[in-house]
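So the chains spell out like this:
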Amino acid sequence: MKVARALLRTPRVLGAGLAALIVGGLGAAGCFVGSEGLSPPTEGFYFPTGLAASPGGRVLYVANSDFDLQYNGGTVQALDLQRLRKRALALQASLNPREGGEAGADLRAACGSLGINAAGVLYPGPCGPLDVAALGGDEAIIRSSAVIGAFASNVVLVHRPLAEPAPDAATAPQARLFVPVRGDPSITFFEVADDRPEAPAGARCGEGDSCFRLDCGATTSGGRCSVDHRVGEIPSREIERRKLPLEPLGISAGPDGERLVVSHHTENKASLIVNPWTSAGRPQLADVLDDLPAGPMELAAVPPPRLVRALGEEAIDYQPAFLLTYVAAPQVDLLRAQASTDSEPALLFQSSSTPITAAARGVDSRGVAVDASERQACEAGCADADRDCLARCAEIPVQAFVAHRNPNSLLIGELTTTLVEDDSGRPDDRWAAAYETLAIRDTAPLAAYPTRVAVGDVIGVDGARRRRVFALAFDSGNAFVYDPAARRIDAVIRTGRGPQALAFDTGVTCGPEKERCDCTPGEDDGCEPYSLMYIAHFTDSYLGVVDLDMRKANTFGSMILTVGKPVPPRESQ
């Protein structure tokens, strides 16, 4: 189907409630063909809906949705995270002067050329916005871009496992970015750079533009992605010539990046995308799970116990698990993605359902996130050969967090792993299978209409990392910070209008350039921990940078930098 020319000229008009519904998957985007109309802007943001930070701290990926169809598509952009970090941390330092104590910063001097914020209703924070469109050369923030279809809903970044070197390492992909695009509908994917410090030297991106690669088959820089990079748009022969269902919304990837699961809100379906890490293999639609409960929403991959990886998939029966929430069903499901074999195709299936009884009605769940940090800290002290040590660590539950709206709350659960012992009598195969079960144990009250949930770190007053859960509330313009150790909301961050996505940049710097580096705070001079959170503001099309360092009394838990000039919807201009 083709959108009429009149739609392409639709004024940029929306209310926050309507935007929340449509971005949340309740509006029918239909089909969109972007062959006509104006090309989308690449020097700024336009209804951003997805963020992903690269693990090496070099790149911040942004998906823009072209929500009001002013242009002939949306965009994906690769931002220079080092340059953003340098500006944000320099501003943080200016707002927290050491001389004379933490109070009393000269705001005009601290903001410098940005000026003092004169539009606090549109965007909070002390200073004016950083106009990325006016930055060029060594100051440019947006380093590359590509055009996709309209109505992108999210992004996920995946990497080849470091323990599995490719036989064709010179040509095989190392990292890919996947974007659900509702207007095609498709899962558009990009070959991107690998900036992990642990990556093979020949595969790791270097200096210059190599880290900002966005290869989606476009014929020109900043051009439109080709159909070969839109998974599911062309019928798949492998699954009886089926196409991707309509309205791809949530997306999550397993730890090896080889299996991704996508929710389809209006279709009550989920799909499985397989992503082979070979030069000849391309991502493809592998299975569609039909007849799910009403309104599937967001997904979160469950980190498997390290014991499973140490044993290998051939030695233990284990399928990667994904949590799935629903708008109209009072439950959270565990889906599992089974890999293909010589005799069986890849398969996506429902493993179990957990009823939501801790909340009043149990319906209207949105974002979901998991935290396996306690288990992984235990596993770090085990050798792969020490299976008993790994098995003891596998008994530590993985924490799960769900944004719930009826009533407005954060649901807190535990994923418990069960190891099934082998009764065959073979001494070298003690465990035959492993699987997880979910139980919802607690709730924490939130304000109006939470949407996305993510797990990140703040920097404590002692300079050490502290785990927190962040829940965005689109309609109220807040981000709630939950301390899982203290079991309470310990901060509320005021955002701009329509916070839709978030990403974290946490690490250490070791010099005035504020680049992430490998050093040890307290032992190496100039080595300083930092933690920043980036929030994509859908309604006014900009990014906000939040300071997550408790040592900075003037700025902790607040937005310190606005990236991109906020542009309000036409109804409010």
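Overview of the structure. Keep in mind that this is a model prediction, so the values were computed, not measured. (Residues numbered from 1 in each chain as written. Predicted model: local features only at pLDDT ≥ 70, side-chain atom pairs only at ≥ 80, totals over all residues. Heavy atoms only, no water.)

## Side note on the overall build of the chain
- Counting its secondary structure elements, the chain contains 7 helices and 28 strands.
- Across the 573 residues in the chain, those meeting the buried criterion constitute 57%.
- Partitioning the intrachain contacts of the chain with sequence separation of at least 6 by distance along the chain shows that 63% fall at a separation of at least 24. (Helix = DSSP H or I, 4+ residues; strand = E, 2+ residues; numbered from the N terminus. Buried < 20%, exposed > 50% of the residue type's maximum accessible area, 1.4 Å probe, protein only. Contact = heavy atoms within 4.5 Å.)

## Here's the deal with the state of the cysteines
- Enumeration according to the criterion identifies 7 disulfides in this entry.
- Across a sulfur-sulfur distance of 2.0 Å, C378 and C393 are joined as a disulfide pair. Disulfide C378 to C393: torsion about the S-S bond roughly -70 degrees, handedness left-handed. Of the two residues, C378 sits in helix 6 (residues 373-379) while C393 sits in helix 7 (residues 387-394), which places them 15 residues apart along the sequence.
- Residue C378 is classed as partly exposed on the basis of its relative accessible area of 29%. (Disulfide = S-S within 2.5 Å.)

## Considering the pattern of salt bridges
- Scanning all chains against the criterion turns up 32 salt bridges.
- Here E233 ties to R230 by a salt bridge, and the two come within 2.3 Å at their closest N and O atoms.
- Taking the relative accessible area as the measure of exposure, R230 reaches 19% and is therefore buried.
- Look at the salt bridges and you will find they share partners, linking D80, R83, R143 and D209 into a network. (Salt bridge = Lys/Arg side-chain N within 4 Å of Asp/Glu carboxyl O.)

## With respect to the side chain of R160
- Within the element layout of this structure, R160 appears in the loop between strand 5 (156-159) and strand 6 (175-181).
- Under the relative-accessibility criterion, R160 is labelled buried at 6%.

## Quick word on unusual backbone geometry
- Note the cis peptide between D184 and P185, where omega equals -15 degrees.
- Considering the arrangement of structural elements, one finds P185 in the loop between strand 6 and strand 7 (186-192).
- Backbone torsion omega between N406 and P407 reads 5 degrees, so that peptide bond is classified as cis.
- Topologically, P407 is positioned in the loop between strand 18 (398-405) and strand 19 (408-421).
- The residue F47 is not glycine, and still its phi comes out positive at about 50 degrees.
- Locating F47 in the fold gives a position in the loop between helix 2 (16-23) and strand 1 (48-53).

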